[in-house]
Amino acid sequence: MNTHKITMTVNGQTVEADVEPRMLLVHFLREKLNLTGTHIGCDTTSCGACTVQLNGTPVKSCTVLAVQADGGVVNTVEGLAQNGQYHPIQEGFREMHGLQCGFCTPGMMITAVSLLEQNPDPTEDEIRWGISGNLCRCTGYVNIVKAIQYAGEKMRAQNAVPQANAEVHP
Amino acid sequence: MTQAQTPDTVQGIGHSRKRVEDARFLQGRGNFIDDLKLPGMLHLSIVRSPYAHARIKSINTDRAMATPGVLAVITGETLKQFNVHNMPTLMSDTQMVLPVDTVKYQYQEVAGVLATDRYTAADGVAAVDVEYDPLPAVVDPKKALEPGAPKVRDDKPSNQIWHWEWGDEQKTEQAFNQAEVTVAEDIYIPRIHVSSIETCGCVAQWDPVDKHLTLWMTTQAPHAIRTVVALVTAHLGLSEEKIRVISPDIGGGFGGKVPVYPGYVIAVAASIVTGKPVKWIENRTENLAADSFARDYHMHVELAGQTDGTLTALRINTIADHGYTDAAANPSKFPAGLFHICTGSYNLKDAFVEVDGVYTNKPPGGIAYRCSFRVTEAVHAIERMADVMAHTIGMDPAEFRMKNFIKPEQFPYKSALGWEYDSGNYGAALRKAMDMVGYEDLRREQAEKRARGELMGIGISSFTEIVGAGPSKDFDILGIKMFDSCEIRVHPTGKAIARFGTKSQGQAHETTYAQIIAEELGIPSDHIKVEEGDTDTAPYGLGTYASRSTPTAGAAASIASRKIRDKAKKIAAHLLEAAEEDLVWERGKFYVKGSPDRFKTIQDIAFAAYTNHPQGMEAGLEAVDYYDPPNLTYPFGSYICVVDIDRGTGAVKVRRFVAVDDCGVRINPMVVEGQIHGGLAMGFAPALLEEIIYDENGNLLTPNFMDYLLPTAVETPRWETGETVTPSPHHPIGAKGVGESATVGAPAAIANAVVDALWHLGVRNIDIPITPPKVWALLNQYGVAVEE
């Protein structure tokens, strides 16, 4: 089968690869780049486990072809922690027990970060609608909402006064 | 509240310790099955039947084999050469791995395609040409029992698999004859699917030189799987010491990852045939269409009592749809699981229950939905009917329950159907839930609203769970007794590793098991590494499902710790030059009675166990315990749900949901709360949204998440939780297990609330899921629908 050369920036690194035109972005990330933090849960754009940011917007990477992301900027869960420090959303999920099996968590966090970037101080209803494209089977959502509220508060404080994040737990 | 006895530095029982496992999941470094990549690994994809019942006329693999990258197509005929085309189910029935002549349900496995990557494997699947001769299918189990119905199984006399009954039929009949009031309803609990967000899959790696199989697999019970694989493949030369099952991080299990699915077996066979590692990962449709389902119970429930509200007897007749083979993952002695817990929280004198298992042209399964072996069905039957009885005699459902509860002083309580409940205080839990929700005010509000024509309902479910399977005298799976295990090794520096026969799928075992050991030994939780899921290293156990980990393996952690403490005491006596009987244990150290400054810490003792142990004693500080529980545990709770019904759409809005749970001592309150939240969501889901639906030809109408509706954050209620603590008297730390309570208890509360809102119109029962069209039809039937 024909392949296409694509280039994109993934978590700040420039990557180049030859891919079949039919290859999904999620498979490109997982299998070509070994970024297995992004998961696959449903194949029908319903569950959101595969959510990544493409050019600043959350997308379900099971419904984007890798070639469509050519030239784009992709952020995945592996890029959330910076300089050995948790992103506030990671801290929030840990502090508020926002995850159990951990399978939906990467997609849920990417969606939450995107929400908070657009709407730094969402109401509970806005958070619930904001993550309504991401399914979690374990938590019943209450603690995920709290985790996002925690992160929102922290991000607002950081934007006001620069402040260190929590350390990444090994 | 469970009060923590240990300091924050130790983090024993009662601490809301933050989870150890979070670090890897938060950073995308989990180790789920599809993350595994081995050199030379092939991908398996499966051809599935478009028909619910058909004879296979031919399977032509020419086009598939001509596809570049496709290496092999495995059919039933391939497997038949090795006599592995069929496999036994846990209920000693027969399940096809791949068919040699007929398919029995839509999406059944027909052939496996092996290719160099997943895309090519999918190409290969599309290029396998199968000719079918469709046969009549039977989808409704009641029709399956009628004379002349299409026969599902050629090897069986009829579509009835078994008849099971329990209790005293005659005494129950007498009680019904003598009752002042009897009520009866047909209640259907539909087929649902557990749908963990991670589907099932495996990587099988056969080493042809060492004749060694490594099987990474999404399994909740790795040790049992190893033994099953050894037993069914012994004739092929596989041997249990050369089979290693590894259960990696599991993306949700809920019972759906207990059974052995054909895909796993095909992957193993494919690896043996090719000598290469083979990966098989289900897509969502395969998961929904072929993996173990839950429920599908058609119940006729009758309740007898007196006009003063005293309940006397219960009778249930059930038709259970098992699909084309009986593959329910029940303990061997219990074909209907623990359904006979159906007398629930009530002091019922007489009960009789019977179930007929029936074959239909649907996939097999039966209990995989966070349900502790048919306890949800039992709870739904009794809790729904308790409301029907209360309303019928004009008594408030809360008062009715209070009147009929088993009283605290009656424990241990022997139920009419033979269970011995360990402990409980049902009235306290219900009263607490009533106080939290403001029950009396809500009833006043409801009356006012009803007068204005508004539809508001309040539903209660005061459930009793039955978990921790189980005592070896009654509980086994394929003959293997249902104990579970813990092995602890304390290292010279006082740190420890603990391994278990269970397998977490999100329940935080790595966090909470360490807390039990920390409580018992005083070693900080942070110094205790917990491992599960590798059969080469972990002690044998039956796995994690049916809320059994804390009652069994959690108990084993306690007992193994105490064994270590016994040895530690001897070492301490040696170090302190004191007699053993003069030593006093204070968490984390032994001191000499009367001289508290003469002590040795557990860390001192651990070091001495390797460097300065008494002559004549074995070196080392380790212990293992295989815990055989003396009884099951009986967690309980009371849930109250408040709903408002939209007369313009039939939509049910859950306004409040208060859940008071009593699971005995809480090891980690944060984790317990999380388990309850998740369990409530999985009770809410089948109550209002989820149903696996087939048309009359056996076509699955809900094969994806666009048609099978998992709840999102938007419709999921804001849970309000509370607790009471009634320890289990027989568990070493008084814990009972909690994973499934909420899923078991919640649906009845929601259904009761909806019926409560509509009772005055004449509605007596609505089968779950209570969807807007069902309610809308009722609103129209009773003339209260509003055109908007």
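Conventions and cut-offs
- Residues numbered from 1 in each chain as written.
- Chains lettered and ligands numbered in written order.
- Predicted model: local features only at pLDDT ≥ 70, side-chain atom pairs only at ≥ 80, totals over all residues.
- Axes fitted to C-alpha atoms, helices over the stretch in contact; angles between N-to-C directions.
- Helix = DSSP H or I, 4+ residues; strand = E, 2+ residues; numbered from the N terminus.
- Parallel < 35°, antiparallel > 145°, perpendicular 65-115°, else oblique.
- Left-handed = near helix turned anticlockwise from the far one by under 90°.
- Contact = placed C-beta atoms within 7 Å.
- Nonpolar A, V, L, I, M, F, W, Y, C, P; charged D, E, K, R; others polar.
- Domains from an automatic or database assignment.

**Some points on the packing of helix H2 (residues 88-95) of chain A against helix H5 (residues 142-160) of chain A**
Residues and elements named next belong to chain A.
Step number 1: Running from N to C, H2 and H5 cross one another at 140 degrees; their axes reach a closest spacing of 8 Å. The angle between H2 and H5 falls in the class oblique. Relative to H5, the crossing made by H2 is right-handed. Contacts between H2 and H5 involve Pro-88, Ile-89, Glu-91, Gly-92, Phe-93 and Glu-95 on the former and, on the latter, Ala-147, Ile-148, Tyr-150, Ala-151, Lys-154 and Met-155.
Step number 2: Taken together, the residues that form the contact of H2 with H5 break down as eight nonpolar, one polar and three charged.

**What to know about the environment of Val-142 of chain A**
Step number 1: Of note, Val-142 of chain A is situated in helix H5.
Step number 2: Distance from Val-142 of chain A to Thr-9 of chain A, taken between C-alpha atoms, is 34 Å for residues 133 residues apart in sequence.

**Some remarks on the interface of chain B and chain A**
By a frequent convention, interface size equals the accessible area lost on bringing the separate parts together.
Step number 1: Contact with chain B, which involves 42 residues of that partner, is made by 46 residues of chain A.
Step number 2: Among the elements of the structure, helix H1 (22-26) and helix H17 (669-688) of chain B are those that each provide at least two residues to the side of chain B that touches chain A.
Step number 3: Sort the elements by how many residues they give to the side of chain B that touches chain A and H17 of chain B lands first, with six residues.

**Comments concerning the domain arrangement of chain A**
All names here are of chain A.
Step number 1: When the domains of chain A are assigned, the result is domain 1 (4-79) and domain 2 (88-160).
Step number 2: Taking only C-alpha atoms, the centre of domain 1 and the centre of domain 2 are 21 Å apart.
Step number 3: If you look at the interface, domain 1 gives 14 residues, while domain 2 gives 11 residues.
Step number 4: Among the elements that take part in the side of domain 1 that touches domain 2, strand E3 (residues 51-54) stands out by supplying three residues, more than any other.
Step number 5: Here the side of domain 1 that touches domain 2 is built from residues that sort into six nonpolar, eight polar and no charged.

**Overview of the domain arrangement of chain B**
All names here are of chain B.
Step number 1: Assigned domains within chain B: domain 1 (429-466 + 631-788) and domain 2 (484-627).
Step number 2: Tallying the contact residues gives 14 residues for domain 1 and 15 residues for domain 2.
Step number 3: Of the residues in the side of domain 1 that touches domain 2, the class split is six nonpolar, six polar and two charged.

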